[in-house]
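The lines below spell out each chain.
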Amino acid sequence: MALKIYNTLTRKKETFRPIQPGRIGMYVCGITVYDYCHIGHARVLVAFDAMTRYLRSQGWDVNYVRNITDIDDKILRRAAENNEPFSDLTARMIDAMHEDERALGVLPPDNEPRATHHIDDIVDMVATLVDNHYAYVADNRDVYYQVSRFPDYGRLSNKNVDELMVGARVEPGESKRDPHDFVLWKAVGEDETGWPSPWGRGRPGWHIECSAMSTCLLGETFDIHGGGPDLPFPHHENEIAQSEAATGKTFVHYWMHAGAVRVDDEKMSKSLDNFFTIREVLEKYHPEVVRYFLLSSHYRSPINYSEDNLVEARQGLERFYLALRDFADVAPATLETIKSSAHYAQFIEAMDDDFNTREALAVMFDLVRELNTLIQAGAPSAAALAAELKGLGAVLGLLGSAPEVFLRSGSRQSGLDDSAIEALVRERDDAKKNKDYARADSIREQLSGQGVVLEDAREGTRWRRG
RNA sequence: GGCGCGGUGGCAGAGUGGUUAUGCAGCGGACUGCAACUCCGUGUACGCCGGUUCGAUUCCGACCCGCGCCUCCA
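Residues numbered from 1 in each chain as written. Chains lettered and ligands numbered in written order. Predicted model: local features only at pLDDT ≥ 70, side-chain atom pairs only at ≥ 80, totals over all residues. Heavy atoms only, no water.

Student: Explanation requested: the domain arrangement of chain A in the structure shown.
Tutor: The parts lose accessible area when they come together, and the size of an interface is often stated as this lost area. Here chain A is partitioned into domain 1 (4–261), domain 2 (311–406) and domain 3 (418–465). On a C-alpha basis, the centres of domain 2 and domain 3 stand 30 Å from each other. Counting from both sides, the interface comprises 6 residues of domain 2 and, opposite them, 5 residues of domain 3. Buried area between domain 2 and domain 3, both sides added, is near 450 Å², and the carbon and sulfur share of it is 24%. For the pair domain 2 and domain 3, the interface holds 3 salt bridges. Between Arg464 and Glu318 there is a salt bridge, and its shortest N-O distance comes to 3.5 Å. Remark: the boundary between domain 2 and domain 3 carries 4 residue pairs in polar contact (both at pLDDT 80 or more). Among the elements that line the side of domain 2 that touches domain 3, the one with the most residues is helix α10 (residues 307–324), at 3 residues. (Domains from an automatic or database assignment. Contact = heavy atoms within 4.5 Å. Buried area = accessible area lost by both parts, 1.4 Å probe. Salt bridge = Lys/Arg side-chain N within 4 Å of Asp/Glu carboxyl O. Polar contact = N/O pair within 3.5 Å; in protein donor to acceptor, adjacent residues only side chain to side chain. Helix = DSSP H or I, 4+ residues; strand = E, 2+ residues; numbered from the N terminus.)

Written out as structure tokens, the structure is:
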């Protein structure tokens, strides 16, 4: 079965056809680095990471580009508030972002272009648009894109420019010819952050960097362009207008957009004060639990960040790790060695269907049941199945932890440290030997109250944080 | 107002024109000193109303409800 991808442009699932056989150029809109990444960013990062891992596992040569917006009004405003150079702020936030990514098991993209490193490319593209009469220099020396010159405007987000009029407004003093026009190059004064250009000192507008950098790194036409749920309009619409006007070529073949993250069933927003940064979330939950949570729904569905759902994610992962407990030293199977496995075939079928990670996880759970049955029977083949499970998990960036470490990590920190728990476990073992079951049960109850679960296995008592 | 998405069993969440999703929770059983883990069994789930069909949760239409975008936001 062939890979199918839902294309925002056509609003349909389409069979993926690469521009060059075996190769995929993919550009994903990254972060504006004026603050820490939040759980919504995490979703986009994890979703496209899982896709990239999967595509590579299937032999695709993926060139994954994800930009960093490191110059923008919000950045300048925040830097001014902090009374620091904007580049100090962005450097700090970029480091923080990389830290968050690593925690979530997100592999670095192949290229991570920054707007401030591509000012020349941006200026070149703006100049082309001015030369082509798709852009004009306004009285205030801003350069604007003239939306009315681009007939296809609104095609991606299925919007009719005339109907947009209703909500549009022109700020007093703006020099646009039309409210829909958007800024490509923003004029600034001598004392403001900016770069020289044919139109005077200025800085890039909000959308042009992605057009310039994607073209620079992936060519005038490339395969996949992705991003968050609020990007189709206006950001990606404007990118299309810019790039296609500048090059005269189709910009992108497949547009992919992740679904929204909600918090306790409300829109996540700063005004509602229900905004969670990745760092805050990771204080409460194991990073792999967060990753699993994000992959346990289809990437396009809205998901709800809530205590219940994260606890449930924890429980799901526990099932995997309990099965893998005795196979800590078993290496993940390479896909080559499991290519004839029925589970693998189902896994691929799920992932080929627009990256249905939830369905892929369901296949892995089926495998877990078989694995547990083999373990129970003491079958030597269990190790191979465990390796297969790890191999499938690795494609999604999951199950890479040491099982016992994960199981003892706990969703909430127990008040007892490991040695205190182990002392109590030993005490209980002694009580059991003396058939003092009342004492043994009271210790177990005490631990249970601390979130510690005991299991009396043949080899001795095991414990984990539940 | 315009455009779009969705309403699935207690919860989460896939999917399908007729046959088990899956996970968690529940119930019964096996195992256990008791548990936990695990396995086995167990749920007349598909918003409402019409239509198409031998048959619809799945297709079509209307309706109700929820959500997103239309403004900076992943």
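Student: Whenever I open this one, a negative patch on the surface confuses me. Can you help?
Tutor: Taken together, Asp264, Asp265, Glu266, Asp308 and Glu312 make up a surface patch of like negative charges. Mapped onto the secondary structure, Glu266 falls in strand β12 (residues 266–267). (Patch = residues over 30% accessible without salt bridge, like charges linked within 9 Å, V, L, I, M, F, W, Y side chains within 5 Å. Areas by Shrake-Rupley, 256 points an atom, 1.4 Å probe, with all protein chains shown as cover. Lys, Arg positive; Asp, Glu negative; His and termini not counted. Charge placed at Lys NZ, Arg CZ, Asp CG, Glu CD.)

Student: How should I be thinking about the pattern of salt bridges in this particular structure?
Tutor: Side chains that differ in sign of charge can pair as their charged atoms come close. Inspection of the entire model under this criterion finds 34 salt bridges. Of the charged contacts in the structure, one is a salt bridge between Glu318 and Arg314, with a shortest N-O distance of 2.9 Å. One end of the pair is Glu318 and the other is Arg314, both in helix α10 and 4 residues apart, which spans about a single turn. With relative accessibility at 10%, the residue Glu318 sits in the buried group. For Arg464, the salt bridge identified is with Glu455, shortest N-O distance 2.9 Å. (Buried < 20%, exposed > 50% of the residue type's maximum accessible area, 1.4 Å probe, protein only.)

Student: So what exactly am I meant to see when it comes to the nonpolar core here?
Tutor: Across soluble globular proteins, nonpolar side chains have a tendency to be buried as a group. Counting 129 residues, the largest nonpolar core has Leu129, Tyr145 and Phe355 as the members making the most contacts within it. With 11 residues, helix α1 (residues 39–57) is the largest single contributor of residues to this core. Here this core gathers at least three residues from each of two domains, domain 1 (4–261) and domain 2 (311–406). What Phe355 contacts, discounting residues up to four positions off in sequence, is Leu3, Ile5, Met51, Tyr54, Leu55, Met256, His298, Tyr299 and Ala350. By size, the runner-up hydrophobic cluster in this structure holds 9 residues, among which are Ile443, Leu447, Val452 and Trp463. (Core = buried A, V, L, I, M, F, W, Y, C linked by side-chain atoms within 4.5 Å.)

Student: Help me understand helix α11 (residues 342–352) in this model?
Tutor: Given 3.6 residues per helical turn, the α-helix brings residues three or four places apart onto the same face. The set of residues buried in α11 consists of His343, Tyr344, Phe347, Ile348, Ala350, Met351 and Asp352. Against β1 (4–7), α1, α12 (357–377) and α13 (382–396) lie the buried residues of α11. For α11, the side-chain oxygen to backbone nitrogen distance between the N-cap and His343 is 3.1 Å, and the N-cap itself is Ser341. Downstream of α11 by one or two residues, Asp354 has phi in the positive range, about 55 degrees.

Student: Honestly, the sheet that holds strand β4 (residues 61–69) in this entry has me stumped. Any pointers?
Tutor: The strands making up a sheet are joined through hydrogen bonds of the backbone, oriented either antiparallel or parallel. The 4 strands are arranged β4-β3-β9-β10 in an open sheet whose pairing can be described as parallel. The open sheet terminates on both sides in strands that have one partner only, identified here as β4 and β10 (252–257). Shown here is a sheet whose adjacent strand axes are inclined to one another by a mean of 20 degrees, direction ignored. Sheet analysis places strand β3 (residues 23–32) next to strand β9 (residues 222–227), joined by 3 bridges and oriented parallel. Its bridge partner being in β9, Tyr27 is matched across the sheet by His225. (Pairing = 2+ DSSP bridges. Axes fitted to C-alpha atoms, helices over the stretch in contact; angles between N-to-C directions.)

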